[in-house]
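Single-letter residue listing:
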Amino acid sequence: MGRRRKGEPVSGWICLDKPIDLGSTQAVGRVRRAFNAQKAGHAGTLDPLATGILPIALGEATKTVPFLMEADKAYSFTIQWGVETASFDREGAVTATSDVRPGLDAVAEALKAFVGEIDQIPPDFSAVRVDGQRAYDLAREGVELDLKSRRVVIRNARVAGANGPDQVDIEIECGKGTYVRAIVRDLAAALGARGHVSTLRRTRVGPFTEATATGLEVLEEMCHRGAALEVLLPVETALDDIPELAVTTEDAFRLTQGRSIVLLPRQVETLKARLSASRTVSARHGTRIVALCEMRAGRLNPTRVFNIS
């Protein structure tokens, strides 16, 4: 007989507005303790120096984390001109300086080259693995790295304003794996300048936006007075792009047992029109998500089963 998990079987998503100077793992730990949840995880690391949207999964929602990792993200950030650092943020050691201060029109024009599918080399201070080790650990040890470029997608990028000639504010929407610090590094190089990220805020991760975000201290206070469920989002929040199918009580039971179910021809046609390349379908019984399934040859085969009371 397995050991009983400590904590409560809480399941759902928290759209956390992460404060500055707190790591993502620390943030997950505090949210988990606030809810006394058995299990927790996050979808997409946010640097301690960054603020903004950090989706945190509790309980059965952790099974949907991989789907949110694929989601588009949005950032707003400020470039500080004149100083380049080893990490391309304000925490790194200064590596170069310059008197060049690009104007807003020049920045806007240079940004055009960064929109679309581009090749991007991650910063040395990044979570990319090199021979089983994190690049940032090797960089801190002084190891010279030769990271390979990766294909990333930037949906759009625009100049949002400025606070004097030494700074420029930029907003972007991008696909997974995009590094803001690499954009700043390459943009500064294209403009013949030096710069680093002085502030960074993530404003969206897929369906998680600032409109539904809750600050950590507010969340902890709500949990303390028993109002935490007011900010707990459904498990399926991370599955907004995945088609749903209502199933019968009998079929729901079969899916929870790990067995496939046969679809009606009209169900197959309806789902085909909405399916992506992954062929993933969310099976629901009433208001409850039952399983994530793969549709093959007119059947739904469960790949992740949810145990939500």
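Here the structure is shown first, and the text comes after it.
Below is a short write-up of the structure. Being a predicted model, the structure only gives us computed values, none of them experimental. Sequence order sets the numbering: in each chain, residues are counted from 1 along the sequence as written. The model is predicted, so local features are restricted to residues of pLDDT at least 70 and side-chain atom pairs to those at 80 or more, both for listing and for counting; the totals for chains, interfaces and linings are taken over all residues. Side-chain descriptors were evaluated using all non-hydrogen atoms of the structure, hydrogens and water having been removed beforehand.

Right, let's talk about the overall build of the chain for a bit. Counting from the N terminus, the helices are DSSP H or I runs at least four residues long and the strands are E runs at least two residues long. Secondary structure assignment for the chain yields eight helices and 19 strands. Viewed in the frame of its principal axes, the chain has a C-alpha envelope of about 70 × 45 × 40 Å. Each of the 309 residues in the chain was classed as buried or not, and the buried ones make up 47%. We call two residues in contact when some of their heavy atoms are within 4.5 Å. Across the chain, the fraction of contacts at a sequence separation of at least 24, relative to all contacts at a separation of at least 6, is 70%. Roughly 15900 Å² of accessible area belongs to the chain as shown, and the carbon and sulfur atoms make up 48% of that amount. Taking the 41 positively charged and 39 negatively charged side chains of the chain as two groups, their mean positions are separated by 9 Å. Relative accessibility thresholds used throughout: buried, under 20% of the residue-type maximum; exposed, over 50%; partly exposed, between the two (1.4 Å probe, protein chains only). Shrake-Rupley sampling with a 1.4 Å probe provides the accessible areas, and residues are treated as covered by the protein chains on show and by no other component. For the purpose of counting charges, residues Lys and Arg are taken to be positive, whereas Asp and Glu are taken to be negative. His and the chain ends are not included. Positions of charges follow a simple convention, taking NZ of Lys, CZ of Arg, CG of Asp or CD of Glu.

One water molecule sets the probe size; rolling that probe over the atoms shows where empty space is left. Here a cavity denotes a set of grid points, spaced 1 Å apart and computed over the protein atoms alone, in which a 1.4 Å probe fits but from which it cannot get out, and a pocket denotes an open set meeting protein on both sides within 12 Å along at least five of seven lines; residues with an atom within 4 Å of a point are reported as lining. Grid points are joined across faces, edges and corners, and a volume is the space filled by probe spheres set on the points. Approximately 1200 Å³ is the volume found for the largest pocket. Considering the residues around the largest pocket, the lining is formed by 39 residues, among which Thr-45, Asp-47, Ala-127, Tyr-179 and Arg-181 are closest to the centre. For the lining of the largest pocket, the elements supplying multiple residues, two or more each, are helix H1 (24-35), strand S4 (73-81), helix H4 (135-140), helix H5 (180-190) and strand S12 (195-205). Ranked by the residues each element gives to the lining of the largest pocket, the list is headed by S12, at five residues. Among the residues making up the lining of the largest pocket, the classes are represented as 14 nonpolar, 14 polar and 11 charged. Estimates place the volume of the second largest pocket at around 330 Å³. In this structure, the second largest pocket is lined by 18 residues; those nearest its centre are Phe-67, Glu-70, Ala-238, Asp-241 and Ile-242. It is helix H2 (residues 65-69) that contributes the most residues to the lining of the second largest pocket, three residues altogether. We call Asp, Glu, Lys and Arg charged. Ala, Val, Leu, Ile, Met, Phe, Trp, Tyr, Cys and Pro are nonpolar, and the rest, Gly among them, are polar.

Moving on, we come to the pattern of salt bridges. For this document, the term salt bridge refers to a Lys or Arg side-chain nitrogen within 4 Å of an Asp or Glu carboxyl oxygen. All chains considered together, the criterion is met by 19 salt bridges. A salt bridge links Lys-63 to Glu-60, with the shortest nitrogen-to-oxygen separation between them at 2.8 Å. Given a relative accessible area of 22%, Lys-63 falls into the partly exposed group. A residue is classified by how much of its surface remains accessible, and Glu-60, at 10% relative accessible area, is buried. One salt bridge in this structure joins Arg-151 and Asp-119, with 3.1 Å as the shortest N-O distance. Taken as a pair, Arg-151 in strand S10 (residues 150-161) and Asp-119 in strand S7 (residues 116-120) lie far apart in primary sequence, 32 residues in all. Side by side, Arg-151 and Asp-119 carry an identical accessibility label, which is exposed.

Strand pairing follows a simple DSSP-based rule, namely that at least 2 bridges must link the two strands. The mixed open sheet is built from five strands, whose spatial order is S15-S17-S18-S19-S16. If you trace the sheet from one side to the other, it starts and ends with strand S15 (244-246) and strand S16 (261-262), each paired once. Strand direction decides the pairing type here: S15 and strand S17 (residues 280-285), joined by three bridges, are parallel. Each bridged residue has a counterpart across the sheet, and for Ala-246 the counterpart in S17 is Arg-284.

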